[in-house]
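# Notes for the structure review
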Amino acid sequence: MAELNHIAILPILVPMAAVIANLLLGNLRPVSRVRLNIAFSVVLLLVSILLLVVLARSDGNLAAVYPLGNWPVPFGIVLVADRLAAVMVLVTSILSLAALLYASARWHSRGSNFFPLFHALTMGLNGAFLTGDLFNLFVFFELLLAASYGLTLHGGGRNQVKAALHYIAINLVASFLFLIGVALIYATTGTLNMADIGRAVPLIAPDDRGLFDAGAAVLGVAFLIKAGSWPLHFWLPRTYSSAAPPVAALFAVMTKVGFYAILRLWTLVFANASGPELAFGQNVLLVLGLATIAYGSIGALSSKALDRLASYLILVSAGTLLLAVGYNAPGVTSGALYYVVAATLAAGALFLLKDVIDQILPAEAQVLAVSLEIYGDEEEAPDDSDEVSRTLPGAATLVSWCFAIAALIMAGLPPLSGFVSKFAMISAALGAGPTAATWWFIAALIGSGFLVLVAMVRNGINIFWTSLPDSDVPRVRTAEIVPIVALLALCVLLALAAGPAMAFFAETAAFIHSPQGYMDVVLPMGTAP
Amino acid sequence: MELILAAAIGVLAASGVYLILRPRTFQVIIGLSLISYAVNLFILAMGRLRMDAAPILDGANANPADYVDPVPQALVLTAIVIGFAMTALFLVVLLAARGLTGNDHVDGKLD
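Residues numbered from 1 in each chain as written. Chains lettered and ligands numbered in written order. Predicted model: local features only at pLDDT ≥ 70, side-chain atom pairs only at ≥ 80, totals over all residues. Heavy atoms only, no water.

## Considering the overall build of chain A
Note the cut-off: Where helices and strands are cited, they refer to DSSP runs of H or I of at least four residues and of E of at least two residues respectively, numbered from the N terminus. Throughout, exposure labels follow a simple rule: accessible area from a 1.4 Å probe, protein chains only, divided by the maximum for the residue type, with under 20% read as buried, over 50% as exposed, and the rest as partly exposed. Two residues qualify as a contact provided that any one of their heavy atoms is within 4.5 Å of a heavy atom in the partner residue. What sets the accessible areas is the Shrake-Rupley method with a 1.4 Å probe; for residues, cover comes only from the shown protein chains.
A tally of helices and strands in chain A yields 23 helices and 2 strands. With 529 residues in all, chain A has 60% of them scored as buried. Summarising the internal contacts of chain A: among those between residues at least 6 apart in sequence, 81% fall at separations of at least 24. Accessible surface for chain A amounts to roughly 19,200 Å². Of this, 68% is attributable to carbon and sulfur atoms.

## Here's the deal with the environment of Val 340 of chain A
All names here are of chain A. Turning to its location among the elements, Val 340 is positioned in helix H15 (residues 330-360). Taking the C-alpha atoms as reference, Val 340 lies 7.8 Å from Ser 317; in sequence the two are 23 residues apart. Once you skip the residues sitting within four places of it in the chain, Val 340 turns out to touch Met 88, Lys 256, Phe 259 and Leu 321.

## Comments concerning the pattern of salt bridges
Residues and elements named next belong to chain A. Just so we agree on the cut-off: What makes a salt bridge here is a side-chain nitrogen of Lys or Arg within 4 Å of a carboxyl oxygen of Asp or Glu, nothing more.
Using the criterion set out here, one finds 5 salt bridges over all chains in the structure. Between Glu 507 and Arg 83 there is a salt bridge, and its shortest N-O distance comes to 3.3 Å. With a gap of 424 residues between them, Glu 507 in helix H22 (residues 498-512) and Arg 83 in helix H4 (residues 83-105) connect regions that are remote in the sequence. The class of Arg 83 is buried, set by a relative accessible area of 2%.

## Focus: the interface of chain A and chain B
Keep this limit in mind: Accessible area that two parts lose when put together, evaluated with a 1.4 Å probe and summed over both, is termed the buried area. Side-chain atoms alone can form a polar contact between residues adjacent in sequence; in general such a contact is a pair of N or O atoms within 3.5 Å, and within protein one must be able to donate a hydrogen while the other accepts it.
Contacts between chain A and chain B engage 26 residues on the former and 29 residues on the latter. Buried surface at the junction of chain A and chain B, summed over both partners, amounts to about 2,500 Å²; 84% is from carbon and sulfur atoms. The three residues of chain A that bury the most area against chain B are Leu 165, Phe 176 and Tyr 186 of chain A, which together make up 25% of that side's buried surface. Counting every contact that joins chain A to chain B gives 0 salt bridges. Our count for the chain A to chain B interface comes out at 2 residue pairs in polar contact (both at pLDDT 80 or more).

## Details of the packing of aromatic side chains
Residues and elements named next belong to chain A. Convention followed: Only centres within 6.5 Å qualify two rings of Phe, Tyr or Trp (six-membered ring in Trp) as a pair; their planes then separate them into stacked at under 30 degrees, edge-to-face at over 60, and tilted for everything else.
In the structure shown here, the tally under the stated rule is 20 aromatic pairs over all chains. Plain terms: the ring middles of Phe 234 and Tyr 295 are 5.8 Å apart, the flat faces sit at 85° to each other, and that makes the pair edge-to-face. Pair noted here: Phe 234 is in the loop between helix H9 (209-227) and helix H10 (236-242) and Tyr 295 is in helix H13 (residues 282-302), with a separation of 61 residues, a long-range link. When its relative accessible area of 53% is taken as the criterion, Phe 234 is described as exposed. Residue Tyr 295 is classed as partly exposed on the basis of its relative accessible area of 29%. With a centroid separation of 6.2 Å and an interplanar angle of 45°, the aromatic rings of Tyr 295 and Tyr 312 are classed as tilted. Of this pair, Tyr 295 sits in helix H13 while Tyr 312 sits in helix H14 (residues 306-327), and the two are 17 residues apart along the sequence.

## Concerning H14 of chain A
Here is the rule: Helix span, as expected, comes to 1.5 Å for every residue beyond the first.
An ideal rise of 1.5 Å per residue puts 32 Å on 22 residues; H14 of chain A measures up with 31 Å between its terminal C-alpha atoms. Where H14 of chain A terminates, the next one or two residues include Asn 328 of chain A, which has phi positive at roughly 60°.

## Overview of the side chain of Thr 255 of chain A
Residues and elements named next belong to chain A. The residue Thr 255 is located in helix H12 (residues 255-271) in this model. Overall, the relative accessible area of 2% leaves Thr 255 in the buried class. Those residues within four positions of Thr 255 in sequence are excluded, and the remaining contacts are Lys 226, Ala 227, Leu 236, Tyr 240 and Ile 314.

## Topic: the packing of H15 of chain A against helix H21 (residues 478-496) of chain A
All names here are of chain A. Cut-off, in case you're wondering: To get an axis, a line is fitted to the C-alpha atoms, and for a helix only the part in contact is used. The angle between two axes follows their N-to-C directions and goes from 0 to 180 degrees. Should an angle lie under 35 degrees it is considered roughly parallel, over 145 roughly antiparallel, and from 65 to 115 roughly perpendicular; all remaining angles are considered oblique. Handedness of a crossing follows from how the near helix is turned relative to the far one, being left-handed for an anticlockwise turn of less than a right angle and right-handed for a clockwise one. In this classification, Asp, Glu, Lys and Arg are treated as charged, Ala, Val, Leu, Ile, Met, Phe, Trp, Tyr, Cys and Pro as nonpolar, and every other residue, Gly included, as polar.
Look at H15 against H21: their axes get within 9 Å of each other, and the N-to-C directions meet at 155°. For the element pair H15 / H21, the angle class is roughly antiparallel. In this structure, the crossing between H15 and H21 has a hand that is left-handed. Where H15 approaches H21, its residues Tyr 338, Val 341, Ala 342, Leu 345, Ala 346, Gly 348, Ala 349, Leu 352, Leu 353, Val 356 and Gln 359 are matched on the opposing element by Glu 480, Pro 483, Ile 484, Leu 487, Leu 488, Leu 490, Cys 491, Leu 494 and Ala 495. Taken together, the residues of the contact of H15 with H21 sort by class into 17 nonpolar, 2 polar and 1 charged.

## Some points on the environment of Trp 235 of chain A
Residue and element names in this part refer to chain A. Within the secondary structure, Trp 235 sits in the loop between H9 and H10. Residues Trp 235 and Ile 225, spaced 10 residues apart in sequence, show a C-alpha to C-alpha distance of 9.2 Å. Excluding residues that lie within four positions of it along the chain, Trp 235 makes contacts with Tyr 167, Ile 170, Ile 225, Lys 226 and Tyr 240. Reaching out from Trp 235, the side chain makes a polar contact with the backbone oxygen of Leu 232 at a distance of 3.1 Å.

## Some details on the pairing of strand E1 (residues 64-67) of chain A
Residue and element names in this part refer to chain A. Short version of the rule: When DSSP finds at least two bridges between two strands, those strands are taken to pair.
Alternating residues of E1 divide into Ala 64 and Tyr 66 and Val 65 and Pro 67, and every residue in both groups is buried. Looking at chain direction, E1 and strand E2 (residues 78-81) are connected through 4 bridges and run antiparallel. Bridge pairing in E2 places Pro 67 opposite Val 78.

## Some words on the confidence of the model for chain A
Stated precisely, the cut-off is as follows: The quantity called pLDDT is the predictor's confidence in a given residue, expressed from 0 to 100.
Confidence along chain A averages 82 in pLDDT terms, with 88% of residues attaining 70 or more. The spread of mean pLDDT over the elements of chain A runs between helix H17 (residues 385-388) of chain A, the lowest at 40, and helix H5 (residues 114-130) of chain A, the highest at 91.

## Considering the nonpolar core
Residues and elements named next belong to chain A. The criterion, for reference: For our purposes a nonpolar core is just a set of buried Ala, Val, Leu, Ile, Met, Phe, Trp, Tyr and Cys residues, chained together by side-chain atoms within 4.5 Å.
Among the nonpolar cores identified, the biggest contains 218 residues, and Leu 134 and Ile 484 are the most heavily contacted of them. Here this core takes 20 residues from H15, the largest share from any one element. Setting aside anything within four residues of it in sequence, one finds Leu 134 in contact with Phe 178, Val 182, Ile 185, Leu 192, Met 194, Ile 197, Leu 219 and Leu 265. Ranked by size, the runner-up nonpolar core spans 6 residues in total, among them Val 14, Ala 21, Leu 44 and Val 47.

## Here's the deal with the packing of H15 of chain A against helix H19 (residues 417-431) of chain A
The angle between the axes and the distance between the axes are what describe a pair of packed helices. Residues and elements named next belong to chain A. Remark: H15 packs on H19, axes separated minimally by 8 Å, with the N-to-C direction vectors making an angle of 165°. Of the possible angle classes, the one that applies to H15 and H19 is roughly antiparallel. The handedness of the crossing between H15 and H19 is left-handed. Contacts between H15 and H19 pair Gly 331, Val 332, Gly 335, Ala 336, Tyr 338, Tyr 339 and Ala 342 from the former with Ser 417, Val 420, Ser 421, Lys 422, Ala 424, Met 425, Ala 428 and Ala 429 from the latter. Its residues placed into classes, the contact of H15 with H19 shows 10 nonpolar, 4 polar and 1 charged.

## Remarks on the confidence of the model for chain B
Counting all residues, the mean pLDDT for chain B is 86, and 97% of those residues have values of 70 or more. At the level of individual helices and strands, chain B shows its lowest average pLDDT in helix H3 (residues 70-101) of chain B, which scores 88, and its highest in helix H1 (residues 2-20) of chain B, which scores 93.

## A short note on the environment of Gln 516 of chain A
Relative to the helices and strands, Gln 516 of chain A is located in helix H23 (residues 515-522). Exposure remark for Gln 516 of chain A: the relative accessible area of 47% places this residue in the partly exposed category.

## A word on unusual backbone geometry
Here Trp 230 of chain A and Pro 231 of chain A are connected by a cis peptide whose omega angle stands at 0°. Mapped onto the elements of the fold, Pro 231 of chain A is located in the loop between H9 and H10. That bond from Pro 414 of chain A to Pro 415 of chain A is cis: its omega, 10°, falls within 30 degrees of zero. Take Pro 415 of chain A: it is sitting in the loop between helix H18 (394-411) and H19. Positioned with a positive phi, Asn 328 of chain A is a non-glycine residue whose angle comes to about 60°. Turning to its location among the elements, Asn 328 of chain A is positioned in the loop between H14 and H15. A positive phi is found at Arg 48 of chain B, a non-glycine position, where the angle reads about 65°.

Laid out in structure tokens, this is it:
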């Protein structure tokens, strides 16, 4: 038990050590520098796996609680690694290792300070997932945002600077909203510890209730901006599609921080509250989730370039997750947790894949594909007989398989993990007693899956069937294709191990939906072991 | 005092919101700074306003009622530092955008 609690801080310390090592060893040879950074990412992955395994082997109500500086819990800052946090940390670590491997092939040298910023972003993400203190969450948000500002500009050009300008401005405003929300919540509950807020909410004086609800709503708006919810998402497609591919891949997990914060706080404070607070804002979450899915699906249909398509897929998954949180049923939440793992890994792989396709495909072929689509290509009937039986070159075959797998996961088609997660969510929603919201929920999941499938298939035909050059395909770098294959293989593995994974996520969701359990774990931890 | 503080926060926030909706990047950054001042004052006000009370416990007198809440002061300190750093970072991006696009419009084009 004592060792367990100390693991909780390691996913923050390892990237921090990586940042410091990068700054101190600034004039290392490039090769050893890349190796050092990969080693740090591997260590982080091992630590995250260890954390998850330790939590998974004990019963579902356990969490590693680490009071920083050994201050008693409601007064000091505390890190809480329950299963939800451990899963998110593991996803971040996997994605950051894959993106780092990819970047180490050539992207890291396109600008300065790539590795320190990258590790700082990982540290901020892990910290945001692990912290149990509202203001500490703000600090980790700022940390990851500061690193992400630098990374958005990596490999800079005019478009990136323009996108970064908007991105920074909107996130600064979101940070101020975050602070206003935190201040209002502190004023009414007198505490910043999340578990303690959950305990104090029923005790708020009736006069202060309006103030507390306003604070929670303002805080919710800040989280919704990060989560990329409609109508607060207009910064997202442009920023993500102009960022360097490895950076965009890691950004795939960044919108999930907003989802995580909403899930954590909303289930802790409102989902099962008594009296007028019960499910405060549930309808807002449902409506925003539906609108985000609709916007994301239509945007995916309208996008011609793969990077824009991937950005809109991020919006679709953000909307799906919001909808699942708003549904407020443990079964749906467990499906959503499965979905967040699969969708994040697949979206990260898609951002990397886009860059590989850019290398295979000459730029003029892509333009041709686009203009064909605009002007219509009905007259160009396939008159060549060997056109039909053209064999794809080796590298291109692998890439097209990766694309197909990513498409299956994103669209939620059987037999891969996207389908399993959507099936789990829909069957849990039906099992919990159908209401009007259930039908909207099912229609949104299936409809968005269909639109995403159309968009992905259209792009795939464009890229692999009409635009691939017949010969002289450049070799794809092994260091670049391996992370993509590994990410997608993990998604496939998740589908193969769907039984144990769903059982694990069901226990996790049960723990999230019984806030008393979370409070019981966190609050008695007066001092560190 | 409450009225003065509330009015100050309101004026700062309103001016800030007006400025960040303007098309020039310099106006946006001044607007963000004004909003950050408003937010910092707001956090301080959320710890209840007290005159002539110290935030640090004195050994001789351990009655919490004689002290002002120290937590919002610590929060404001953190928020000021972070807000300052972010504004400085934004300023750099603003200058880069000015250099690359040749004008100071937030969308990088003159209308």
